[in-house]
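# Fold and geometry: a report
Each chain is listed here by its residues.
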Amino acid sequence: MSNLNTATVEKYRNNFLREVEANVEEGHWVKMCMQCGVCSGSCPLGPHWDHPPQKIFMMIRAGKRDEVLGSSSMWMCTSCYNCIARCPRELPITHIMHGLAHYAKRLGLAPKNQPTKKFAQIFWDSLSKKGRVNELKLGLSLYFMNGFAEGVKTSLKMQKVGMGMLKTKRMDPLEIVGGHGCKDKKGLQAILKKAREIEDAKAAKFQQA
Amino acid sequence: MADKKLGAYICKGCGIGDRLDAGQLAMIAKKEGKVGFAKQHDFLCNSDGVKMIQADIDAGEVNHLVVAACSRRAKSDAFNFENVAISRANLREGVIWVRPDTDDAEETTQEMAEDYIRMACAEVKYMNLPAPSEEQGLVRHVLVVGGGVTGLNAALEIAKAGYLATIVEKNGALGGAAAQFHKRIPNRAPFADPQDSGIADLIEQVESNNKITVHLNATVTKTSGAPGRFSADISQESGSTVTDNFGSIIQASGFKPYDATKLPEFSYGKSPDIVDQLGLEALAKQANGGAIKRPSDGKEVKSVVFVQCAGQRSDKEGHLSYCSGHCCLTSTKQAMYFKDANPDVDAMVLYTELRMPGAGGEDFYRSGQNKGVTFTKGIASEVVPNGGSLTVKFKDLILDEEVNYDADLVVLATGMVPNSGVNIEAVPAENEDKKDDAEAKAEVVATVPVESILNLDYRQGADLPQLVNGFTDSHFICFPYETRRTGIYAAGPVRRPMDMTQATEDATGAALKAIQALENAALGRAAHPRSGDLSFPSFRKEGCTQCKRCTVECPFGAINEDEQRYPLFNEARCRRCGTCMGACPVRVISFENYSVETVGQAIKAVEVPEEDEEKPRILVLACENDAYPALDMAGMNRMEYSAFVRIAPVRCLGSVNTIWVTDALNNGFDGIILMGCKKGDDYQCHFVKGSELAHTRMSKIDDTLKQLQLETERVQTYEIAITDIQRVPQIINDMAETIEKIGMSPLKF
């Protein structure tokens, strides 16, 4: 458990709803859910979730902190926005889901080996390095995400597609060495660094409080 | 009454003249119907036709009219002549519109029309002009029983309309349950916060109004009379009694909260920290906007649980089966008491279905959520006091798990039990029990509340009849406030569970009804639903056998007994349904313009063809409130039905005397269909019990049929709604088919 996590548990004790309201993007909407279940019924991935959005909101109110933040549910969201479009109470459900995922990740409570989470990390790493996503590297690291043998297997399976892309000049094999970045890489790094500093300061302040 | 001068007017408009031989109809009216003259007109309902009729009336040529045109429900404003008796032969909706315009059908269609002419002529011959009995005068004074929100508002509305009101309140102060509230559910936008109950202002308005008299610590110990001449004894606790006259009465006796000690699982009474909703109001009043404290040790409440549907919406023995309608709003309001004083208090509403009725209900719910009230869908199974705190055990229905939740205070949302006095219909059941089981009888006695509200001096019982769950019988959609005692109106939670907003509306409605009733009574006219009707039942004393069937069956308790045990009709209480007339085995009860004779003779006037002609005759006795309009609408939609049917409208199926059925069968009718309204707990009968009584009577007709050696299928009784437009022609055609199968009646002479 990270330090930040210990601090929040201490601060809110059993009132997880208030914690969510204070820290999760759009978290103040959670209390307005009226448990109609339209979001759960509308979600194309609904049957594959541990807890559909309706349940997640109820669990937050019931103070089920570990179950919610450790849930893989929020990571399953594809941002199709069906729930937002249909929620009779106009809750920004998609945003709350991403907010919860983000918060769980920050606290280090997000489920280990959750593929979406892993992919998001790879994507971010690739992006933040050069200001551009290196598609070849991203694709390959995705293949090898679950180990070497798995990666070889997937690569062989995708061979035909890869050759096709090569032929039609949709893929540059040289990208594997370095690859190209955005114009002002240093500027970007500076921005990201500053953002990190701001976030860390916030967290530090939070821990003191 | 002056000599009856009969005349018939036959309209040829709307295609009647093209389809039917009007000359032949006129001849039948004169020869068989024995009318003095029969005039034909191309367009009877236009100003020329109406002028012609009026001129004849003014000239003294005619005072009993047959208008053979459209249905009696159409053009009623055109054919509205004063001081004459009118019978309408329905040639349009009842004949040409339900028959095909073909050469084959021409003969039977014409026969149909001829029979309707005969029926109308016979009916009008036996009609008399009704006149008010002038039993009562105008008493501009309304008695309001109950001084709660409903009673106070009703009295104010009555006073504002210029009438006098007298409030009788059992307690020492006005205000009722609402006076115990800290605040009320908001009734104004934005419906966000609990609102001042306004009850103090209401009481102040009532007390300062010189048209309103208030009796505190008083009860009504005797009510007698009828609309326009009610007399009530108002007795003080001290023993003094005043008697006053009233034109009408509003019963606003309200409710009492369900006794929470009947719910042992919630430990009410075992810990002072478990309260019902009124108990919480008392705590909130004490705190007066500050932190609410626990009764047990005075500690500030940090977490509170509201258990919804405690002992209600449950089919368990002793629980209330119904929803009280206000508790979800009330609990939300009460949770706000906590949240408004201190947002850190955990307030949880434990519900199964949240119901937030009213215009602002959903807004109020949203406001509750916004303030941080937690709404949890779950069923509470137990509340356990455990040294200083309470554990609420419930099943969370969303997360599907059992939860133990600790709280400082638990509020039980128990329901409303109406203060409707004695259940007068439970009394006969008690008598029956007397015969077989003394213990069972004792049980029945124990469940009957002994305290009467009105102490009516009616043969039928001391209080208003109840429908279900002890609420007074008052049709909640079609005829709110109306009860089965004419001139006595029920308003507020005694009628159905409701909150303050609805009770206020109820009070206004009942006040207007009460005023209407006393004004109608003064003119000798019927109140709802035959509003304005002057006819009135009377009976031939020599023929009466004192069987009491009329006094028992009258759904409105309009008939008392005189000293000699003869029925004593109270004109102003009567709704003119004719149920007494239908009930009377010796047929001595009649109205001037509606009697066993008017309908009976109309039925007898139908020409029944010989058996070998293969033209059966089907009689339909149709309630004029729902079934007859449905038949008319079938005509308007040009739905065809058998030409062998003859329809006679009746005021209510309850007014159908079995003699009509017997006579019709003896006259050779092959089938009889009775069409009344829906009966039962969700009745649609305009006279509440009429249809039900008729169904009971007709269930015994099989014996008569067997005596006459007839098939029981020949008489059928149906419940018809006004919307059954497709169904009524089907029923008629089915009967025609049945007769084809079982053959013609052998009783044709």
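As the structure is a computational prediction, the values presented were derived from the model and not from experiment.

Each value, and the rule that gives it
Residues numbered from 1 in each chain as written. Chains lettered and ligands numbered in written order. Predicted model: local features only at pLDDT ≥ 70, side-chain atom pairs only at ≥ 80, totals over all residues. Heavy atoms only, no water. Helix = DSSP H or I, 4+ residues; strand = E, 2+ residues; numbered from the N terminus. Buried < 20%, exposed > 50% of the residue type's maximum accessible area, 1.4 Å probe, protein only. Areas by Shrake-Rupley, 256 points an atom, 1.4 Å probe, with all protein chains shown as cover. Domains from an automatic or database assignment. Patch = residues over 30% accessible without salt bridge, like charges linked within 9 Å, V, L, I, M, F, W, Y side chains within 5 Å. Salt bridge = Lys/Arg side-chain N within 4 Å of Asp/Glu carboxyl O. Lys, Arg positive; Asp, Glu negative; His and termini not counted. Charge placed at Lys NZ, Arg CZ, Asp CG, Glu CD. Arc of directions from axis to C-beta. Contact = heavy atoms within 4.5 Å. Pairing = 2+ DSSP bridges. Axes fitted to C-alpha atoms, helices over the stretch in contact; angles between N-to-C directions. Core = buried A, V, L, I, M, F, W, Y, C linked by side-chain atoms within 4.5 Å. Buried area = accessible area lost by both parts, 1.4 Å probe. Polar contact = N/O pair within 3.5 Å; in protein donor to acceptor, adjacent residues only side chain to side chain. Nonpolar A, V, L, I, M, F, W, Y, C, P; charged D, E, K, R; others polar. Parallel < 35°, antiparallel > 145°, perpendicular 65-115°, else oblique. Left-handed = near helix turned anticlockwise from the far one by under 90°. Phe/Tyr/Trp six-rings, centres within 6.5 Å; stacked < 30°, edge-to-face > 60°. Right-handed = clockwise from strand over helix to strand, strands pointing away.

## Thoughts on the overall build of chain A
Within chain A, the secondary structure is distributed over twelve helices and zero strands. The helix and strand sequence of chain A, counted from the amino end, reads α-α-α-α-α-α-α-α-α-α-α-α. Projected onto its principal axes, the C-alpha coordinates of chain A cover approximately 55 × 40 × 30 Å. Per-residue burial for chain A yields a buried fraction of 35% across its 209 residues.

## As for the overall build of chain B
Across its full length, chain B carries 21 helices and 29 strands. Seen through its principal axes, chain B has C-alpha atoms that stretch 95 × 60 × 60 Å. For chain B, buried positions account for 58% of its 749 residues. Accessible area of chain B: about 30,100 Å², with a carbon and sulfur share of 47%.

## As for the domain arrangement of chain B
Looking at chain B, the domain boundaries give domain 1 (1-129), domain 2 (141-254 + 419-522), domain 3 (258-415) and domain 4 (538-590). Here domain 3 of chain B and domain 4 of chain B have C-alpha centroids that lie 53 Å from each other.

## A word on a negative patch on the surface
Residues and elements named next belong to chain B. A cluster of acidic side chains, namely Glu 610, Glu 611, Asp 612, Glu 613, Glu 614, Asp 734, Glu 737 and Glu 740, defines a negative patch on the protein surface. Among the secondary structure elements, Asp 612 is positioned in the loop between helix 16 (596-605) and strand 26 (618-623). With relative accessibility at 67%, the residue Asp 612 sits in the exposed group.

## What about helix 7 (residues 199-207) of chain B?
Residues and elements named next belong to chain B. All buried positions along helix 7 are accounted for by Ile 199, Leu 202, Ile 203 and Val 206. All buried residues of helix 7 fall inside an arc of 95 degrees around its axis, so they share one side. If you follow the buried residues of helix 7, they end up packed against helix 6 (149-160), strand 6 (164-168) and strand 7 (212-215).

## Looking at the sheet that holds strand 16 (residues 374-386) of chain B
Residue and element names in this part refer to chain B. Read from one edge to the other, the open sheet built from seven strands follows the order 13-19-14-15-16-17-18, with strand pairing classed as mixed. Looking at which strands have only one partner, the edges of the open sheet turn out to be strand 13 (274-276) and strand 18 (401-407). Averaged over neighbouring strand pairs, the angle between their axes works out to 35 degrees when direction is ignored. Summarising the sheet, strand 16 and strand 17 (residues 389-396) pair through eight bridges and their orientation is antiparallel. Note that in strand 17 the partner of Pro 385 across the bridge is Leu 390.

## Quick look at the nonpolar core
Residue and element names in this part refer to chain B. Ranked by size, the top nonpolar core spans 104 residues in total, and within it Leu 91, Ile 117, Leu 621, Trp 660 and Met 675 carry the most contacts. Residues lining this core come from more than one domain, with at least three contributed by each of domain 1 (1-129) and domain 4 (538-590). Other than its neighbours up to four places away in sequence, Leu 621 contacts Val 599, Ile 603, Ala 648, Val 650, Leu 653, Val 656, Trp 660, Ile 673, Leu 674 and Met 675. Among the nonpolar cores identified, the runner-up in size contains 35 residues, and Val 144, Ala 165, Leu 202 and Ile 212 belong to it.

## Topic: the interface of chain B and chain A
In this complex, chain B contributes 19 residues to the contact, which on the side of chain A involves 15 residues. Overall, the association of chain B and chain A removes approximately 1,300 Å² of surface from exposure, summing both partners, and the carbon and sulfur fraction of that is 52%. For the chain B face of the interface with chain A, the top three residues by lost area are Gln369(B), Ile398(B) and Leu399(B), together amounting to 42%. Counting the contacts that link chain B with chain A gives four salt bridges. A salt bridge links Lys64(A) to Glu401(B); the shortest N-O distance between them is 2.6 Å. Inspection of the region where chain B meets chain A yields eight residue pairs in polar contact (both at pLDDT 80 or more). Elements with a minimum of two residues in the side of chain B that touches chain A: strand 15 (346-351), helix 10 (361-370) and strand 16 of chain B. In terms of residue count, helix 10 of chain B provides more of the side of chain B that touches chain A than any other element does, five residues in total. Its residues placed into classes, the side of chain B that touches chain A shows seven nonpolar, five polar and seven charged.

## Describing the side chain of Gln251(B)
Among the structural elements, Gln251(B) can be located in strand 11 (residues 248-251). The residues touching Gln251(B), leaving out its near neighbours within four places in the chain, are Val145(B), Asn419(B), Ser420(B), Ile453(B), Leu454(B), Leu464(B), Tyr489(B), Ala490(B), Ala491(B) and Val494(B).

## What to know about the sheet that holds strand 26 of chain B
Residues and elements named next belong to chain B. The parallel open sheet is built from four strands, whose spatial order is 27-26-28-29. One side of each edge strand has no neighbouring strand; the edge strands of this open sheet are strand 27 (645-650) and strand 29 (715-719). When the angles between neighbouring strand axes are averaged without regard to direction, this sheet yields 20 degrees. Bridge count between strand 26 and strand 28 (residues 671-676): five bridges; the pairing is parallel. Among the inter-strand pairings, Ala 622 is bridged to a residue of strand 28, identified as Met 675. On top of the sheet, helix 17 (residues 627-636) reaches strand 26, strand 27 and strand 28; it is set at about 115 degrees to strand 26, its chief contact.

## Concerning helix 16 of chain B
All names here are of chain B. In terms of burial, helix 16 is largely enclosed, as seven of its ten residues are buried. For helix 16, the complete set of buried residues consists of Val 596, Thr 598, Val 599, Gly 600, Gln 601, Ala 602 and Ile 603. Each element contacted by the buried residues of helix 16 is listed here: helix 5 (103-125), helix 15 (579-583), strand 25 (589-590), strand 26 and helix 18 (658-666).

## Some points on the packing of helix 6 of chain B against helix 13 (residues 500-522) of chain B
Residue and element names in this part refer to chain B. Their axes nearest at 8 Å, the elements helix 6 and helix 13 cross at an angle of 40 degrees. Relative to helix 13, the element helix 6 lies oblique. You can see that helix 6 and helix 13 cross each other, and the crossing is right-handed. Between helix 6 and helix 13, the residues in contact are Val 149, Thr 150, Asn 153, Ala 154, Glu 157 and Ile 158 and Met 500, Ala 503, Thr 504, Ala 507, Thr 508, Ala 511 and Ile 515, respectively.

## Considering the packing of aromatic side chains
Residues and elements named next belong to chain B. According to the stated counting rule, one finds ten aromatic pairs over all chains in the structure shown. With 5.0 Å between their ring centres and 75 degrees between their planes, Tyr 322 and Phe 471 make a pair best called edge-to-face. Note that Tyr 322 is positioned in the loop between strand 14 (303-307) and helix 9 (327-341) and Phe 471 in the loop between helix 12 (438-447) and strand 21 (488-490), a separation of 149 residues in sequence. Side by side, Tyr 322 and Phe 471 carry an identical accessibility label, which is buried. The structure contains a cluster of three or more aromatic residues connected by ring pairs, namely Phe 539, Tyr 566 and Phe 569.

## Considerations on the pairing of strand 7 of chain B
Regular strands place their side chains on alternate faces of the sheet. All names here are of chain B. Pairing of strand 6 with strand 7 involves four bridges; the strand directions are parallel. Considered in strand 7, the bridge of Ile 167 is made with Val 214. Between strand 6 and its parallel partner strand 7, the chain crosses via helix 7, and the hand of that crossover is right-handed.

## Observations regarding the environment of Lys183(B)
Turning to its location among the elements, Lys183(B) is positioned in the loop between strand 6 and helix 7. In this structure, the C-alpha to C-alpha distance between Lys183(B) and His326(B), residues 143 residues apart in sequence, is 14 Å.

## Details of the pattern of salt bridges
Residue and element names in this part refer to chain B. Under the counting rule described, the total for this entry stands at 52 salt bridges over all chains. Between Lys 615 and Glu 111 there is a salt bridge; the shortest N-O distance is 2.7 Å. On the criterion of sequence distance, the pair formed by Lys 615 in the loop between helix 16 and strand 26 and Glu 111 in helix 5 is long-range, its members being 504 residues apart. In this structure Lys 615 comes out as buried when scored by relative accessible area, which is 11%. For Glu 111, a relative accessible area of 18% translates into the label buried. With its nearest N and O atoms 3.6 Å apart, the salt bridge here joins Arg 294 to Asp 408. With Arg 294 in the loop between helix 8 (277-287) and strand 14 and Asp 408 in the loop between strand 18 and strand 19 (409-412), the pair connects residues that are 114 residues apart, well separated along the chain.

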